[in-house]
Amino acid sequence: MTKIGLRSWLLLCSLLPALLVSVFCAGYFSYVRYQELALSLTERARHIALPLAISAEDLLSRQNHAALQQLIDSTHRLNSPLLSNVTLFNAQNEALLSSNPQQFSSSLSLPDPGSLPATGLVVAGSDTALVYQPLLSSLAQAGGMADSSGYLVLQLPKAQLRLQQQTLLLHIALLVLLCLLGVIVPTLYLLRRLHRPLRAMQHQLQQLLNGQTPTAGVPGIVRELAQLQQDLNRLGEHLAHHEQEVQQQIEQVTSDLQQSMEQLEVHNIQLDFARRKALEENRQKSEFLAKMSHELRTPLNGVIGFTRQLLKTRLSSSQHDYLTTIQKSANSLLHLVNDVLDFSRLEEGRLSINPEPFSLRDLLNDATELLAANAFDKHLELVLMVEPGCPDDLIADPARFAQVLMNIAGNAIKFTDHGSIVIRVSASLLNEDQLILHCSVQDTGRGISEEQQHLLFQGFSTNEQRSHQSGSGLGLMISQRLVQAMGGNIGFESKPSEGSTFWFTIRCQRHQLSVADSLPLELLENKQILYFEPQQHSREATLSLLHSWGMQVTACATKGQLQQALAHQQHYDIGLIGRTIAINQVNQVTALIRQVKQQCRYTCLLVNTLSPHLRETLLSSGADACLSKPPHLRKLAMTLAQPYVQQQQVVEHNSTPKNASLKVLTVDDNDANLKLINTLLAEYVEHIDSARDGAEAWHKATQHAYDIIFMDINMPVMDGVTACQRIRQSSLNEHTPVIAVTAHAVDGERARLLTLGFNEFLSKPLDESMLHCSLQEFCPATKLQSLANNWPASKLVDWTLAMERAGGKCSLMTDMLQMLVAGITSTRAAIQQALVTHDNEQLLQQIHKLHGACCYTGVPALKNLAELLETQLKQGKTPAELEPELLELDDVLQALWQESQQWPKW
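Everything in this summary refers to the structure shown in the same document. (Residues numbered from 1 in each chain as written. Predicted model: local features only at pLDDT ≥ 70, side-chain atom pairs only at ≥ 80, totals over all residues. Heavy atoms only, no water.)

### Some words on the nonpolar core
The condition is simple: Put simply, buried Ala, Val, Leu, Ile, Met, Phe, Trp, Tyr and Cys residues joined by side-chain atoms within 4.5 Å make one nonpolar core. Working definition: with a 1.4 Å probe on protein chains only, accessible area under 20% of the residue-type maximum means buried, over 50% means exposed, and in between means partly exposed.
Counting residues in each nonpolar core, the largest one holds 45 residues, and the members touching the most others are L360, F401, V425, L437 and F504. Counting 29 residues, the second largest nonpolar core, distinct from the first, contains V797, L865, L869 and L896.

Structural data, given as structure tokens:
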């Protein structure tokens, strides 16, 4: 919207009313005066015509035409400005006389003189007005008679009337103009006296906005404007003063800021030095951790390796148990070394997650077995409860999962004085391949106060004793980071004096093949077992496990129930007794064993102790076996099945396979490690040479050609990297695979070594599978043929490929093939059902499942066909279009099943 200025408003408000009033008054008076002039002309003509008509009638009646002419002429002369012509018509409507013959016209006559009224008639034209007056005598006029002897016509020109009217309009216009001038002159004067001060004040405001000092204003006649101008002047002075103060403050702040910048520059230099120092210290710390890890892994390599070798020999059950404990303790120490590296990686943000297939129940039982010793020391009930429907073969990071579980369960044991620790594991399926694993650890400790709960995962220290916040808190913080990295959450529920429940979830994938070794469960099916366990949680967990194995269990919670069960004189295959035991309770347990043994063929104890002396005492008192609580899944199954297993174990292969004709060079400066790797390789290869430093290895490599070289990295005289590079320069072993073997487990070590010329990287401690896989990967296939067994002939199974897919494990290979063969019938039926019902989703799912199973077995023809069908179905092909391939798939499955029926028992 366009805004109007003050000048325009004042002019509009003053001139518009004056103009309207002036125009209205002038118009009104002009109209009135205009009409008066017109009427005045007509009246004057009548006043002339009437006496002239009377006189003319008299003269006309006497026929005095000369006098009549003189009368008309005299009247014309006397009223010449008003009259232009006077004409006399007789009764016959004939023109008799005219005062101005030039103005006469025959059109002046009336068409009907008889209709002329006595008062006369006025006819107005554009330029002339005609006045018709009948000639009447005075007597006739007095009597009101209408008859006449003629009539007069007076011609009145309107020029004079128009001149008078125009003069009137001119005078009125001048009057209106004078009125407007009378109004506009004071208005302009007022505007001049108002506009200049206003413009001056506007200029002052603009100067104030621009940060300038305002100039002096123009004096005005309006008091309010003068006051406003004074206020503006004071505002300008105030702003100038304020600006001066602000300028002084800015100068002061600038000075302070300059000093601060100088100090910051100094601090930045100091921080840069500190950062460089921190980086150097961090580098030194990483080197220290790497060296410490190497130094710790080197002896652990020997302990773990020779323990594995010793476990292969014939041992008693106690010796085997002791060695297993030694192996687990060494692995625990190895995990502790890894935790040291985890702290460093956590600080640097390099904590890694490495998913791999694993057996959930084996992992849980192994972790619980390591926690049992601490629980026994505090006389706590430690229980592991896994839901029967929870899948066992998963893909996740087992080491990180066990690390979190043992951290939480270890804290629960540490801060619980009496009662129980219950570990519960369940799973929620997301789809066919993915699930959420939920683990919780419930304790009966003192609980956690609300003030302490907020600080639980923050990694802190406090002096409060025997609370969940004791210690550094780094374990829970690392656990939280690990759980989040594995796609899960962690939390807890706790009330003071009521215990705590810590829980965490991780996202896992299902593994289609079985990772764990099979258990002899077929020997335990439908076996009668008498089970006595006073502790509720332990009883529920073990009962769930025994029922899942298909055993017929008679459970007793008290001694009274046990007496009732024995009073029935029923014979049981196995008697399983769970007890908390101490030295002063040995006689009670011994009496219980003798009582149960009378009606049980085989007696097994579950006790809360790792003491070999107590266990030997119990075994000597009549028990057939003694296990620690909570029982390890695998140990319990093997122990319960022991009476039904033949005393002489059947050797897996009748003849020992011949070692491969490979020549291997092993290099290590540690005698224990060198002896271990040579012992492991001796089971697979025929010729082994050894060297204790890089120089000796290089010297031997210049004299002999080797099929593969296992090289340690950190060695005196010459390190492994230099030795590898020099071996590559020799003509004999220029292309020989060189495998780096080191305990240096820092991230990026493998990539660094591969760029330096090594073919692969193996970390200590070594095991058989790592060495065997290396031999299969890098050694010539012709020399490895002696490692293969005499498998049955098959057109569909590539035994070498099957062994490679199983990582060199014969038992795993046979298990995978048996699983594939066992599912052929159901798979064919499901595919046929999907084809009949036109269920393309189900068909794709079955083909995908079959393809996944074939990926881990040596059936290349079946795998390629399943892969082709799965690809085509995902691309939108219909089963009708793939009918030839589907028929071929059915034929291959049927041929494989028929062929498997001819294979001997593996």
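Back to the text.
### A short note on the side chain of S440
Where we set the bar: Helical segments are the DSSP runs of H or I of at least four residues, strand segments are the runs of E of at least two, and each set is numbered from the N terminus. Contacts are assigned to residue pairs that have any heavy atoms within 4.5 Å of one another.
Within the element layout of this structure, S440 appears in strand β10 (residues 434-443). Setting aside residues up to four positions removed in sequence, S440 forms contacts with V422, I423, R424, T501, F502 and W503.

### Digging into unusual backbone geometry
Negative phi is the rule for most residues except glycine; trans is the rule for most peptide bonds. Between K629 and P630 the backbone carries a cis peptide bond, its omega angle lying at -10°. Along the chain, P630 turns up in the loop between β17 (625-628) and α15 (633-641). Phi is positive for H379, which is not a glycine, with a value near 55°. Relative to the helices and strands, H379 is located in the loop between α7 (360-377) and β7 (381-386). The class for H379 is exposed, based on a relative accessible area of 62%.

### With respect to the packing of helix α25 (residues 860-874) against helix α26 (residues 883-900)
Angle between the axes and distance between the axes: these two values describe a pair of packed helices. For clarity, the threshold we go by: To get an axis, fit a line to the C-alpha atoms, keeping to the stretch in contact for a helix; angles then go from 0 to 180 degrees between the N-to-C directions. Any angle between 65 and 115 degrees counts as roughly perpendicular, while under 35 counts as roughly parallel, over 145 as roughly antiparallel, and the rest as oblique. Should the near helix be turned anticlockwise from the far one by less than a right angle, the crossing is left-handed, and should it be turned clockwise, the crossing is right-handed. Each residue receives one of three labels: charged for Asp, Glu, Lys and Arg, nonpolar for Ala, Val, Leu, Ile, Met, Phe, Trp, Tyr, Cys and Pro, and polar for the others, Gly being one of them.
Between α25 and α26, whose axes approach to 10 Å, the crossing angle comes to 150°. With respect to each other, α25 and α26 are oriented roughly antiparallel. Handedness of the crossing formed by α25 with α26: left-handed. Mapping the contact onto sequence places L862, L865, L868 and L869 in α25 and E885, L886, E888, L889, V892, L893 and L896 in α26. Residue composition of the contact of α25 with α26, grouped by class: nine nonpolar, no polar and two charged.

### Considerations on the sheet that holds strand β5 (residues 150-157)
Which entries qualify depends on this criterion: Only strands that DSSP links by at least two bridges are regarded as paired with each other.
The strand order β2-β1-β5-β4-β3 describes an open sheet built from five strands, whose pairing is antiparallel. Across the chains shown, the open sheet's two edge strands, defined by having one partner strand only, are β2 (95-98) and β3 (121-124). Shown here is a sheet whose adjacent strand axes are inclined to one another by a mean of 20°, direction ignored. Note: strand β4 (residues 128-134) against β5, seven bridges, orientation antiparallel. Opposite Y132, over in β5, you have V153 as the bridge partner. Sitting on the sheet, helix α2 (residues 65-78) touches β1 (85-90) and β2, and the angle it makes with β2 is about 50°.

### Quick look at helix α20 (residues 768-778)
So the rule is basically this: By arc we mean the arc of the directions from the helix axis to the C-beta atoms, nothing more.
Among all positions in α20, only L771, H772, S774 and L775 are buried. In an axial view of α20, the angular spread of the buried residues amounts to 160°, which keeps them on one side of the axis.

### With respect to the environment of A95
Along the chain, A95 falls in strand β2. Taking C-alpha positions, A95 is 8.0 Å from S109, a pair spaced 14 residues apart along the chain.

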